[in-house]
Amino acid sequence: QVQLVESGGGLVQAGDSLRVSCSASGLTFSRYTMGWFRQAPGKERVFVAHFTWNGYTYYADPVKGRFTISRDNALNTVYLQMNSLKPEDTAVYYCAARGHAATQYVYWGQGTQVTVSS
């Protein structure tokens with residue numbers, strides 16, 4: 001059974017940094033592209049960043065230069081380092097996994113809340 005468990009969310013002030021983590025189990029982690037998404041109140045869930053199974057990263061425009069995604073295949077964990085946080089970054093952050101040959105994310109975590117106060 002595949003499980004993705006996010007942690008590290010919290011309440012911070014604008015300009016602060018925060019790192020959220022996602023620990024995966026029940027899958028061959030190194031063969032999965034891992035992504036981060038977020039959902040702000042009253043809005044749809046949107047893509048934030050991904051780290052492909054073969055080592056490539058990609059970021060949504062609103063977070064480029066501020067957020068960094070990384071992964072540790074030995075620990076089955078993906079991270080999202082968030083710097084220079086803004087109130088508009090407030091959202092529930094979800095990690096997700098898709099197989100190396102897949103186009104859709106099939107496994108999702110339960111989310112972790114990140115709140116940025118002004």
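Residues numbered from 1 in each chain as written. Predicted model: local features only at pLDDT ≥ 70, side-chain atom pairs only at ≥ 80, totals over all residues. Heavy atoms only, no water.

### Re the overall build of the chain
Definition in use: Secondary structure elements follow DSSP: runs of H or I of four or more residues count as helices, runs of E of two or more count as strands, with numbering from the N terminus. For this measure, only C-alpha atoms enter the radius of gyration; the expected value for a globule follows 2.2 Å times N^0.38, where N is the number of residues. Here's how the labels work: a residue is buried when its accessible area is under 20% of the maximum for its type, exposed when over 50%, partly exposed in between, all with a 1.4 Å probe on protein chains only. Note on contacts: a residue pair qualifies if any of its non-hydrogen atoms lie within 4.5 Å across the two residues. Here the open area of atoms and residues is found with the Shrake-Rupley method and a 1.4 Å probe, where only the protein chains shown may cover a residue.
Secondary structure assignment for the chain yields zero helices and 11 strands. Over its C-alpha trace the chain gives a radius of gyration of 13 Å, about what one expects of a compact globule, namely 13 Å for 118 residues. Here the C-alpha coordinates of the chain stretch approximately 40 × 25 × 25 Å along the principal axes. Taken over 118 residues, the chain has a buried fraction of 43%. In the chain, the share of contacts with a sequence separation of at least 24, taken over all contacts with a separation of at least 6, comes to 55%. Carbon and sulfur atoms form 47% of the exposed surface of the chain, whose accessible area is close to 6,200 Å².

### Remarks on the nonpolar core
Applicable threshold: Put simply, a nonpolar core is a bunch of buried Ala, Val, Leu, Ile, Met, Phe, Trp, Tyr and Cys residues held in one set by side-chain atoms that sit within 4.5 Å of each other.
With 28 residues, the main nonpolar core has Trp36, Val48, Phe67, Ile69, Leu80, Met82 and Tyr93 as its most contacted residues. When contributions to this core are tallied by element, the ones reaching two or more residues are β3 (18–25), β4 (32–39), β5 (45–51), β7 (67–72), β8 (77–82), β9 (91–99) and β11 (112–117). With residues up to four places along the chain from it excluded, the contact list for Val48 reads Trp36, Phe37, Arg38, Tyr58, Tyr59, Ala60, Val63, Phe67, Leu80 and Tyr93.

Coordinates in, geometry out; function isn't part of it.
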